[in-house]
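# Examination of the molecular architecture
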Amino acid sequence: MENKQSSSPASFIDSTVVPGDVVLDLSSMTNQTIKLGGGLRQDCDAISAMKAGTLRFLKPNKYWIESSQKRYVPCVEDTVLGIVVDSKADNFLIDIKGPTLAFLPVLAFEGGTRRNIPKFELGTLLYLRVVKANFGMNPELSCTDASGKAAEFGPLKDGYMFETSTGLSRKLLGSPTCPVLEALGKKLSFEIAVGLNGRVWVNAASPDTIVVAANAIMNSESLSTAQQIIMVEHLLKNIQ
Amino acid sequence: MEKSGENEMVTPGDVLGRATDLKPGKGAYVASHNNTIYASLTGLRRIQLPPPDSPDQRPIVEVTGHKAHGPVPEPGSVVIARVTKVMARTASADIMCVGPKSVREKFTGIIRQQDVRATEIDKVDMHLSFHPGDIVRAVVLSLGDARAYYLSTAKNELGVVSAESSAGATMVPISWTEMQCPLTGQIEQRKVAKVVS
């Protein structure tokens, strides 16, 4: 159990908070503009947490709560892996592990016109970008980047897709490169696509490599850097 | 047609008379196996005398339910509606009042992207105009399709009348596109109705 100190902000930064904790008291901080990120809520003068996680602070004035969960909440400009569930006249319906299905407009491809609409089978895995994500509306996706180029978005062929938590997806995409990916990359050659919605796709020349890479990534969530490197060595020893 | 008032309250299944004496009108029907007229609505039973020149001289018995007294939206009437769903090019709303009277049964309306405002109609972002739960004043354009009336907010005095911010407080309008939350000071975009005082 944590000791509740008087609510000075320094005591909560980088520590675990649960919903309901008052993490900031605005009456003690005058004349500052604070930016609140996800998971924080303002109640007149008290800023309280809405999610369980770690409170993070970035100078000069950004606060947010980082947490890892299986459920994905769509955000604009996220890159996600979606599965085609249905196709309608104007949109494909895509499942991105969010509260509702997302729409992918039929023309949202590079050089897309009414004449060359792609035909995706149900179950196709796509690498997509979230364009609009408002509360209460179905999110809108796109297979192009902001300037209209294809840029790696689109269907992913072959390979193996597995699900992870959102926290692990963010770690895999972080820079510098995640230790498990570096360690795997030194010995194996494979390609990987990470969706911020908790889906990861791995492809390699042989199925053994794919399975080892997938297992290594799935195991690495709660391990520290040194432990991850040891775990990867252990797995690689078994196949060589 | 003359009406003779006989205001008796009936419920569905009540016998209203024999088919030999009366003809069933609205809210009543004949059961052919025993030639009896039954009521199909809950309401007041009324008998209307037939017009003198019709061949069938039986009086018409009808039942008026409570919904028959409620107002019905007509093209051109100003309605108050609550937005239920906002989508990419349309917003659905439940019509609550027609003019000054509240409705007795549920009517659904749709506000299309081109009917939100009068200028720059193809650049309208539905999410910057309405949110689910907003109360809007709109005018009925037409009876629409089987599912919903077509509504329009394309005038200065039409649009969002009352809305709740994400913090839960009723927002104060500050311009025709913005409303501000009094608790947090956050500004949210809506298509705001100009309230003429």
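Named according to an unreviewed UniProt entry, chain B is Exosome complex component CSL4 originating from Hibiscus sabdariffa. In its Subcellular location (unreviewed entry) section, the UniProt entry covering chain B states "Nucleus, Nucleolus".

Under an unreviewed UniProt entry, the name given to chain A is Ribosomal RNA-processing protein 40, and the organism recorded is Hibiscus sabdariffa. Its UniProt record, at the heading Sequence similarities (unreviewed entry), says of chain A: "Belongs to the RRP40 family."

## Looking at the overall build of chain B
When you go through chain B residue by residue, the secondary structure sums to zero helices and 16 strands. Over its C-alpha atoms chain B spans a radius of gyration of 24 Å, topping by over 25% the 16 Å that the globule rule assigns to 197 residues. With the C-alpha coordinates aligned to their principal axes, the bounding extent of chain B is approximately 70 × 35 × 35 Å. Considering chain B as a whole, with its 197 residues, one finds that 40% of them fall into the buried category. Intrachain contacts of chain B at a sequence separation of at least 6 include 50% that bridge at least 24 residues. Here chain B has roughly 11000 Å² of accessible surface; of this, 53% comes from carbon and sulfur atoms. Looking at charge distribution, chain B has the averaged site of its 23 positive side-chain charges lying 2 Å from that of its 21 negative ones.

## Topic: the sheet that holds strand β7 (residues 62-66) of chain A
All names here are of chain A. Ordered by their spatial adjacency, four strands build an open sheet running β1-β6-β7-β3, and the pairing between neighbours is mixed. Each having just a single partner strand, β1 (16-17) and β3 (35-36) make up the two edges of the open sheet. Of the pairings in the sheet, the one linking β3 to β7 comprises two bridges and is parallel in character. Bridge assignment links Leu36 to a residue of β7, and that residue is Tyr63.

## Topic: the UniProt feature "domain: Exosome complex component CSL4 C-terminal" (unreviewed entry) in chain B
As annotated by UniProt and renumbered to match this structure, "domain: Exosome complex component CSL4 C-terminal" (unreviewed entry) occupies residues 102-143 of chain B. Helix makes up 0% of residues 102-143 of chain B and strand makes up 45%, while its end C-alpha atoms are separated by 18 Å.

## Points about unusual backbone geometry
All names here are of chain A. Here Lys59 and Pro60 are connected by a cis peptide whose omega angle stands at 0°. Among the structural elements, Pro60 can be located in the loop between β6 (53-58) and β7. The backbone of Glu152 sits at a positive phi, close to 75°, despite the residue not being glycine. One can find Glu152 in the loop between β12 (140-142) and β13 (154-155).

## Quick notes on the side chain of His127 of chain B
Structurally, the position occupied by His127 of chain B is in the loop between β10 (101-112) and β11 (135-142). Discounting residues that sit within four places of it in the chain, His127 of chain B has contacts with Asn134, Phe135 and Met137 of chain A together with Val86 and Gln189 of chain B.

## Description of the packing of aromatic side chains
For the coordinates displayed, the defined rule picks out seven aromatic pairs over all chains. Pairing Tyr127 of chain A with Phe153 of chain A gives two aromatic rings, centres 5.3 Å apart and planes at 20°, and the pair type is stacked. On the criterion of sequence distance, the pair formed by Tyr127 of chain A in strand β11 (residues 125-132) and Phe153 of chain A in the loop between β12 and β13 is long-range, its members being 26 residues apart. Of the aromatic side chains, those joined through ring pairs into one cluster are Phe92, Phe109 and Phe120 of chain A. Taking NZ or CZ as reference, Arg112 of chain B lies 4.3 Å from the ring centre of Tyr150 of chain B, over its face.

## Focus on the interface of chain A and chain B
Contact with chain A, which involves nine residues of that partner, is made by nine residues of chain B. At the boundary of chain A with chain B, total buried surface from both sides reaches about 710 Å², with 53% on carbon and sulfur atoms. Where chain A touches chain B, the interface holds zero salt bridges. Looking at side-chain class alone, the side of chain A that touches chain B contains three nonpolar, three polar and three charged residues.

## A word on the UniProt feature "domain: Exosome complex exonuclease Rrp40 N-terminal" (unreviewed entry) in chain A
Mapped onto the present numbering, the UniProt feature "domain: Exosome complex exonuclease Rrp40 N-terminal" (unreviewed entry) falls at residues 34-71 of chain A. When the span residues 34-71 of chain A is considered, its composition is 0% helix and 55% strand, and the gap between its end C-alpha atoms is 28 Å.

## Structural notes on the pattern of salt bridges
One pass over the full model with this rule turns up 14 salt bridges over all chains. A salt bridge links Asp115 of chain B to Arg112 of chain B, with the nearest nitrogen and oxygen atoms 3.0 Å apart. Its relative accessible area of 10% is what places Asp115 of chain B among the buried residues. Beyond isolated ion pairs, a larger network of salt bridges with shared partners links Asp95, Lys97, Glu163 and Arg199 of chain A.

Conventions adopted
- Residues numbered from 1 in each chain as written.
- Chains lettered and ligands numbered in written order.
- Predicted model: local features only at pLDDT ≥ 70, side-chain atom pairs only at ≥ 80, totals over all residues.
- Heavy atoms only, no water.
- UniProt positions renumbered as here; feature names shortened; annotations may be inferred.
- Helix = DSSP H or I, 4+ residues; strand = E, 2+ residues; numbered from the N terminus.
- Rg over C-alpha atoms; globule rule 2.2 N^0.38 Å.
- Buried < 20%, exposed > 50% of the residue type's maximum accessible area, 1.4 Å probe, protein only.
- Contact = heavy atoms within 4.5 Å.
- Areas by Shrake-Rupley, 256 points an atom, 1.4 Å probe, with all protein chains shown as cover.
- Lys, Arg positive; Asp, Glu negative; His and termini not counted.
- Charge placed at Lys NZ, Arg CZ, Asp CG, Glu CD.
- Pairing = 2+ DSSP bridges.
- Phe/Tyr/Trp six-rings, centres within 6.5 Å; stacked < 30°, edge-to-face > 60°.
- Lys NZ or Arg CZ within 6 Å of the ring centre and 35° of its normal.
- Buried area = accessible area lost by both parts, 1.4 Å probe.
- Salt bridge = Lys/Arg side-chain N within 4 Å of Asp/Glu carboxyl O.
- Nonpolar A, V, L, I, M, F, W, Y, C, P; charged D, E, K, R; others polar.

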